[in-house]
Amino acid sequence: MLRFIHITKTGGMSVQRTIGTKNPRCLMADHKPFLKADLNRTTFAVVRDPYDRVKSLYNFYKYKRNVVKEDTFRDFVLNLDFYYAGKNIGHQYNTFWSCYDYLSLDGELKVNHVLRFENIAEEYHNFASKHKLPLELIHINKNDKKEDGLKWDMEMIDVVQRLYDNDFKHFNYEK
């Protein structure tokens, strides 16, 4: 059996909708990280560049969920420790965790297959063809309520690099 590990703001809703929540070949567990029970399953997930993911987290939780209270993107990033370490936002697990946090167990990366958001259509198609899943990824949940042109400064970059260090290391994203 397959298990899709749905990391927030990585295109997971598109994967879930494409495969179907009742597909007998694939277990969908909304936003739950890798679990000990997954050691006996084939697992897969989508990861995303930490900078782009933080922008997406900001736009989604500021403009669609009204959770982010900071007035600016900069203030949000400088306060990201609060969100990263704090309570979850409507899920059992913390939506601001790094992708690595979702996909590791006891400090070790355990997921079997990692797809990249930046190439999601092609990588999903290749994965799906090998595992007899629906091939064409349905694109949903695009955020039309967002702030474009969000800018970074060195202080903000330092926060993201510190919190998402394992994502840069393990998934080869450029700092």
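These numbers come from a predicted model, not from an experiment.

Engineer: Please provide a residue-by-residue account of the nonpolar core, values included.
Structural biologist: What tends to happen in soluble globular proteins is that the nonpolar side chains get buried as a cluster. By size, the foremost hydrophobic cluster in this structure holds 35 residues, and its most contacted members are Phe76, Leu80, Leu103 and Tyr164. The set of elements that each furnish at least two residues to this core consists of strand 3 (42–47), helix 2 (50–64), helix 3 (73–78), helix 4 (80–85), helix 5 (99–103) and helix 7 (154–163). Looking at this core, the element that brings in the most residues is helix 2, giving six residues. Contacts of Leu103, omitting those with residues within four sequence positions, involve Ile5, Ile7, Phe34, Ala45, Val47, Glu108, Leu109, Lys110, Val111 and Phe171. Among the nonpolar cores identified, the runner-up in size contains 14 residues, and Cys26, Leu115, Ile120 and Ala128 belong to it.

Engineer: Tell me about the environment of Val160, and please be specific about residues and values.
Structural biologist: Checked against the element boundaries, Val160 lands in helix 7. With 15 residues separating them along the chain, Val160 and Lys175 place their C-alpha atoms 9.3 Å apart. Sequence-distant contacts of Val160, defined by excluding residues within four places in its chain, comprise Pro50, Tyr51, Val54, Val77, Leu80, Trp152, Asp165 and Phe168.

Engineer: Just give me the short version of the confidence of the model for the protein, but keep the residues and values in it.
Structural biologist: Averaged over all residues, the pLDDT of the protein is 90; the fraction at 70 or higher stands at 92%. For the protein, helix 4 is the element with the lowest average pLDDT, namely 85, and strand 6 (residues 113–116) is the one with the highest, namely 98.

Engineer: How would you explain helix 7 if you had to name every residue and give the values?
Structural biologist: Looking at helix 7, one finds that the buried residues are Met156, Ile157, Val159, Val160, Gln161 and Leu163. With a side-chain oxygen lying 3.1 Å from the backbone nitrogen of Glu155, the N-terminal cap of helix 7 falls on Asp153.

Engineer: Now, about the pattern of salt bridges: what can you tell me, with residues and values included?
Structural biologist: Counted under the stated rule, the structure contains eight salt bridges. Taking the shortest distance from any N to any O, the salt bridge between Arg74 and Glu155 comes out at 2.7 Å. Remark: Glu155 occurs in helix 7 and Arg74 occurs in helix 3; sequence separation between them is 81 residues. Lys175 is paired through a salt bridge with Asp165; the nearest N and O atoms lie 2.7 Å apart. On the criterion of sequence distance, the pair formed by Lys175 in the segment after helix 8 (165–170) and Asp165 in helix 8 is long-range, its members being ten residues apart. Each member of the salt-bridge network shares a partner with another, and the members are Arg3, Asp38 and Arg41.

Engineer: Can you explain the sheet that holds strand 1 (residues 2–5)? Please cite residues and give values.
Structural biologist: Spatially, four strands are ordered 2-1-3-6 in an open sheet, and the strand pairing comes out parallel. The open sheet has two free edges, formed respectively by strand 2 (26–29) and strand 6, since each of these has just one partner strand. Each strand of the sheet is rotated relative to its neighbour by a mean of 25°, with strand direction disregarded. Note that strand 1 and strand 2 share four bridges and pair parallel. Bridging from a neighbouring strand, Leu2 pairs with Cys26 of strand 2. The strands touched by helix 1 (residues 12–19) are strand 1, strand 2 and strand 3; relative to strand 2, the strand with the most contacts, the crossing angle is about 140°. Where helix 6 (residues 120–130) meets the sheet, its contacts fall on strand 1, strand 3 and strand 6, and the angle it forms with strand 6 comes to roughly 150°.

Engineer: Tell me about the pairing of strand 1, and name the residues and values.
Structural biologist: In strand 1, alternate side chains face the same way, and those of Leu2 and Phe4 on one face and Arg3 and Ile5 on the other are all buried. Taken together, strand 1, helix 1 and strand 2 form a β-α-β motif whose crossover is right-handed.

Procedures and definitions
- Residues numbered from 1 in each chain as written.
- Predicted model: local features only at pLDDT ≥ 70, side-chain atom pairs only at ≥ 80, totals over all residues.
- Heavy atoms only, no water.
- Core = buried A, V, L, I, M, F, W, Y, C linked by side-chain atoms within 4.5 Å.
- Buried < 20%, exposed > 50% of the residue type's maximum accessible area, 1.4 Å probe, protein only.
- Helix = DSSP H or I, 4+ residues; strand = E, 2+ residues; numbered from the N terminus.
- Contact = heavy atoms within 4.5 Å.
- pLDDT = per-residue confidence, 0-100.
- Polar contact = N/O pair within 3.5 Å; in protein donor to acceptor, adjacent residues only side chain to side chain.
- Salt bridge = Lys/Arg side-chain N within 4 Å of Asp/Glu carboxyl O.
- Pairing = 2+ DSSP bridges.
- Axes fitted to C-alpha atoms, helices over the stretch in contact; angles between N-to-C directions.
- Right-handed = clockwise from strand over helix to strand, strands pointing away.

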